[in-house]
Structures are given as C-alpha cells and as structure tokens.
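So the chains spell out like this:
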Amino acid sequence: MTALKNDRFLRALLKQPVDVTPVWMMRQAGRYLPEYRASRARAGDFMSLCMNPEMACEVTLQPLERYPLDAAILFSDILTIPDAMGLGLYFEAGEGPRFRKRIETAADIAALSVPDPERDLGYVMEAVRTIRRELNGHVPLIGFSGSPWTLATYMIEGGSSKDFRRSKAMLYDNPEAMHALLSKLADSVTTYLNGQILAGAQAVQIFDTWGGNLSAAAYQTFSLAYMQRIVKGLIREHEGRKVPVILFTKNGGLWLESLAESGADALGLDWTCDIGEARRRVGDKVALQGNMDPTVLYAKPEAIRSEVGRILSSYGHGSGHVFNLGHGITPEVDPAHAGAFIEAVHELSAVYHR
Ligand code: CP3
C-alpha cells in the first residue's frame, strides 16, 4: 500500500501533533457541487450512483479536486444496511429515502438476517477498494455507517420522520422487540464497518443522526449501549496503523461525558455546544470533530472566516481537533464559500500548533 502523503486527519483523531488543523465536510460530495449533479444525472439517480463503484469513486474525489481537504469520505448512504436486509430502499425526488417494507412486529425483526459485507454489500466494498486505489495515498479514506438506533428509526417509520411516532411507540410498548432489532443492527454495523476497514477504510464514523431525539435514559440504553458494543467489535488496527473511530450523535451535547467513555477515539459535535467547553468536559479521553453551523456557509467569506477563527480560538492550542461542520453541507451553498471555509481553517489554525 502507498504511504499516506497527508495524515494530519488521522493524527489529530489520535491527538498526535499536526502542523495545521485538518478539515473535511460532512456531505462534502453532494448537490452543492455542479459536477456532482452532472454525475448523478448521468447515473440516473442517487442509488445507481452508490451502486456503481467507478461512479461512487468519481463523486468521492470531486470535492478533493476542488479543495485541499484532509480526508475523503466514501460516497454511499447509511441506509445500505436495511436495503441489504431486504427492505427495498428507494428515493422519491424531493422526498428523501423510502422503504418498500416497514418493520412492524417482533416477527418482522426475527426474520431479518445480518448482511454479509462481501456478498450482500459488495458494491460498497468494491467502492472502498476503488477509491483507495485512486486516492493513491493523497489523504485518508473515511468509511461510515448509521448507528443502530438511527437505522432502526428509518426501518420502522419506512423513511424519514418528524416525530418518530412508530419507533418511539415500539421502544416503550415493546422494548424487547426494539432491543432485538438494535442487537441485529449492531452486529450488522460491526461486520459492515470491519468489511470497509479490510477493504481499505482508514477511519470510520458512526452517524447517530437521531440519537439526540431520545430521552437521556433512553439514549443510554437504546443508542449509546449499541454504539459501545460496535466500537468493541471493530478492527482497531490495519495496515500497521490505528483505525480511529468517530461517534457523532447529533444533538448529543448533553451526553459528551458518557460518549467519551464509549471507547471511541473522537466525538463529532454539532453546533449547539461550545467546542472549548466540550474539550474541558471530555478531557484527554477523546478528540473532537466539528462544529461550525453549516448555515454559516450562506454568509460571505469574511463572516465564514471570522466564525472559523472563533471556533479555533475556543478549542485553543494543541492537537485533537478535526474541523468540520456540525452537520452536512446543504445543496444551496455556493462552492466558493466552501472553499473559503477550508482555506480559513488551514490559514488560521497554524498558530495553535506552534
Ligand atoms: O458525506 C459524504 O459526502 C458521504 C456520503 C453520504 C451520503 N449520505 C450521501 C447522500 C453520507 C455520509 C450519508 C449519510 C446519511 N444518509 C445520513 C447520516 C448523516 C446525516 O446527514 O445526518 C442519513 C440520515 C442518511 C439518509 C439519507 N440519505 C437522507 C435522509 C437523504 C435525503 C436527504 C438529503 O439530504 O437529500 C439521503 C440522500 C443522500 N445521501 C444524498 C447524498 C449526497 C442526496 C441524494 C441526491 O443526490 O439526491
């Protein structure tokens, strides 16, 4: 394997010294880029793009051709696991993800089987191998999955939801069924992420997009406990290097102390907490990733730069910070503003690493 030319992302996740703060953006390959929209039009739709390893590789690399990003993220989706479990994922234009089948009963859950990464999700593994080859050591590649709780909500609701009516009802009416589902998903996520690591992913992130929607007690039992179980089951070293694990619970700012005990190397932060305060709360247990409000990118480059400066100064001196947005970049953002953001992180952070 080619040696990494730029490893500051992996180094920062392990709190090793870096020259400047590394940066990448959640959803960095996506609709704000005209070249992404062109590739998607050529593929036909979003899932065809994901399922074609050459095209998934092409769009993964698009943001890296434009910007000096410090990491690439596999182009795929968190909903590939439920799709491989037979739920029939599809995307209706402007409507977000949908499933042909919904999980309603304990019998539905018992009938689910844990997908085999190479057999049932081979297109993802092949995309990882293709991207690694094409990256040729330029920057590390991030693999990812959804958290069990987040995947369960989509499977039970049949798609996106505002109130999580069906999933919350199942959680409180039939906690045993919910635990059976989460347990199967935890096994699926563990084997899926290990498959990605063996295929070449150099760090992995678990997206717990809807964990922050749970009560404090339910979060511990129905989301964090399963992520902890996954972290324990992951391959933590590959190709002679540590494979860092990042947990991102959106709206999880209240629970950072317990997240820091999870065994993960780093925590993703949304923009609702102050990163300096978060650093004091987690101590030296984990690195932090985040946390600029993605809507700042609607403002002019000067305002973006000043917000980047504020976050850097709040984190303060030393390694252990990967700059990112607090959630995905949105389709309406001007690509030039994303460029100003990335440039500001590199320029303004050097003083914090002397
Ligand atoms: O970050 C990246 O660039 C890698 C690719 C990536 C996508 N989805 C591509 C995508 C990643 C890491 C995801 C994760 C994902 N998918 C999450 C967790 C992260 C988060 O945003 O909280 C979730 C909840 C999903 C499920 C999902 N996929 C939804 C709700 C939607 C529709 C909403 C939307 O943004 O359109 C998708 C579709 C999707 N996934 C798109 C992309 C680029 C847009 C599809 C398109 O091109 O039309």
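The model shown is predicted, which means the values in this text are computed figures rather than measured ones. (Residues numbered from 1 in each chain as written. Predicted model: local features only at pLDDT ≥ 70, side-chain atom pairs only at ≥ 80, totals over all residues. Heavy atoms only, no water.)

Looking at the overall build of the protein
Summing up its helical and strand segments, the protein has 16 helices and eleven strands in all. Its C-alpha radius of gyration of 19 Å places the protein within 12% of the 20 Å reference for a compact globule of 354 residues. Dimensions of the protein, computed from C-alpha atoms along their principal axes, come out at roughly 60 × 45 × 40 Å. For the protein, with 354 residues in total, the buried portion stands at 59%. Within the protein, counting contacts between residues at least 6 apart in sequence, those at least 24 apart form 73% of the total. Surface summary for the protein: the accessible area is close to 14000 Å², and the carbon and sulfur share equals 50%. With 37 positive and 41 negative side-chain charges, the protein shows a spacing of 1 Å between the two charge centroids. (Helix = DSSP H or I, 4+ residues; strand = E, 2+ residues; numbered from the N terminus. Rg over C-alpha atoms; globule rule 2.2 N^0.38 Å. Buried < 20%, exposed > 50% of the residue type's maximum accessible area, 1.4 Å probe, protein only. Contact = heavy atoms within 4.5 Å. Areas by Shrake-Rupley, 256 points an atom, 1.4 Å probe, with all protein chains shown as cover. Lys, Arg positive; Asp, Glu negative; His and termini not counted. Charge placed at Lys NZ, Arg CZ, Asp CG, Glu CD.)

What to know about unusual backbone geometry
Cis geometry is adopted by the peptide bond preceding Asn291, which originates at Gly290 and carries an omega value of -10°. The backbone of Lys15 sits at a positive phi, close to 60°, despite the residue not being glycine. Here Lys15 is to be found in the loop between α1 (8-13) and α2 (34-43). For Phe164, which is not glycine, the phi dihedral falls at a positive 55°. The residue Phe164 is located in the loop between α9 (148-157) and α10 (165-173) in this model.

A short note on the UniProt feature "site: Transition state stabilizer" (unreviewed entry) in the protein
Per the UniProt record, "site: Transition state stabilizer" (unreviewed entry) is annotated on Asp77. By the element assignment, Asp77 lies in the loop between β1 (72-73) and α5 (80-87). Ignoring anything within four residues of it in the chain, the contact list for Asp77 reads Phe46, Cys50, Phe91, Phe144 and Tyr192. Here Leu79 takes part through its backbone nitrogen, which lies 3.0 Å from a polar atom of the side chain of Asp77. (UniProt positions renumbered as here; feature names shortened; annotations may be inferred. Polar contact = N/O pair within 3.5 Å; in protein donor to acceptor, adjacent residues only side chain to side chain.)

Some details on the site of the ligand
As a structural note, the neighbourhood of the ligand is formed by 23 residues, with Arg27, Arg31, Tyr36, Arg40 and His327 the closest of them. Contacts to the ligand include Arg40, whose side-chain N or O atom sits 2.3 Å from an oxygen atom. At 2.6 Å, a side-chain N or O of His327 approaches an oxygen atom of the ligand. When isolated, the ligand has an accessible area of 870 Å², and the protein chains bury 88% of it. Looking at the shell around the ligand, the elements that each hand over two or more residues are α2 and β3 (96-99). Broken down by class, the residue content of the shell around the ligand amounts to 14 nonpolar, five polar and four charged. (Near = heavy atom within 4 Å. Nonpolar A, V, L, I, M, F, W, Y, C, P; charged D, E, K, R; others polar.)

Focus: the packing of aromatic side chains
With the rule as written, the count across this model stands at eight aromatic pairs. On the numbers, 6.3 Å between centres and 90° between planes, the contact of Phe207 with Phe248 is edge-to-face. Highlighted residues: Phe207 in strand β5 (residues 203-208) and Phe248 in strand β8 (residues 245-249), separated in sequence by 41 residues. Here the two residues Phe207 and Phe248 agree in accessibility, since each one is buried. Here Tyr219 and Trp255 contribute two aromatic rings whose centre-to-centre distance is 4.2 Å and whose plane-to-plane angle is 20°, an arrangement assigned as stacked. Of the two residues, Tyr219 sits in helix α12 (residues 216-233) while Trp255 sits in the loop between β8 and α13 (256-260), which places them 36 residues apart along the sequence. The same class applies to Tyr219 as to Trp255, namely buried. (Phe/Tyr/Trp six-rings, centres within 6.5 Å; stacked < 30°, edge-to-face > 60°.)

With respect to the nonpolar core
Ranked by size, the top nonpolar core spans 125 residues in total, and within it Phe9, Met292 and Phe341 carry the most contacts. No other element matches the eleven residues that helix α11 (residues 175-199) contributes to this core. Residues contacting Met292, with those up to four places away along its chain left out, are Trp271, Leu297, Ile304, Glu307, Val308, Ile311, Phe323, Asn324, Leu325, Gly326 and Phe341. (Core = buried A, V, L, I, M, F, W, Y, C linked by side-chain atoms within 4.5 Å.)

Side note on the UniProt feature "domain: Uroporphyrinogen decarboxylase (URO-D)" (unreviewed entry) in the protein
The UniProt feature table records "domain: Uroporphyrinogen decarboxylase (URO-D)" (unreviewed entry) at residues 22-31 and 142-158. Overall, residues 22-31 shows 0% helix and 0% strand. The separation of its end C-alpha atoms is 23 Å.

Quick word on the pattern of salt bridges
Close approach of charged atoms lets side chains of opposite charge pair. The final tally for this structure, using the stated rule, is 18 salt bridges. When salt bridges with common partners are traced through the structure, they connect Arg8, Asp19 and Asp70 into a single cluster. (Salt bridge = Lys/Arg side-chain N within 4 Å of Asp/Glu carboxyl O.)

Quick look at the packing of helix α15 (residues 301-315) against helix α16 (residues 335-349)
Between α15 and α16, the shortest axis-to-axis distance is 9 Å and the interhelical angle comes to 40°. In terms of axis orientation, α15 runs oblique to α16. The element α15 and its partner α16 pack so that their crossing is right-handed. For the pair α15 and α16, the contacting residues are Pro301, Ile304, Arg305, Val308, Gly309 and Leu312 in the first and His337, Ala340, Phe341, Ala344, Val345, Glu347, Leu348 and Ser349 in the second. Class assignment for the residues of the contact of α15 with α16 results in nine nonpolar, three polar and two charged. (Axes fitted to C-alpha atoms, helices over the stretch in contact; angles between N-to-C directions. Parallel < 35°, antiparallel > 145°, perpendicular 65-115°, else oblique. Left-handed = near helix turned anticlockwise from the far one by under 90°.)

Regarding the sheet that holds strand β11 (residues 321-325)
Backbone hydrogen bonds are what pair the strands of a sheet, in a parallel or an antiparallel way. Ordered by their spatial adjacency, seven strands build an open sheet running β1-β4-β5-β8-β9-β10-β11, and the pairing between neighbours is parallel. Strands with a single pairing partner mark the edges of an open sheet, and in this sheet they are β1 and β11. Looking at chain direction, strand β10 (residues 287-292) and β11 are connected through five bridges and run parallel. Directly across from Met292, in β11, lies its bridge partner Leu325. (Pairing = 2+ DSSP bridges.)

So, α9
Along an α-helix, residues three or four apart share an orientation, since each turn contains 3.6 residues. With ten of ten residues buried, α9 is to be regarded as a mostly interior element. Within α9, the full set of buried residues consists of Pro148, Trp149, Thr150, Leu151, Ala152, Thr153, Tyr154, Met155, Ile156 and Glu157. Directly after α9, the chain includes Gly158, whose backbone phi takes a positive value near 85°.

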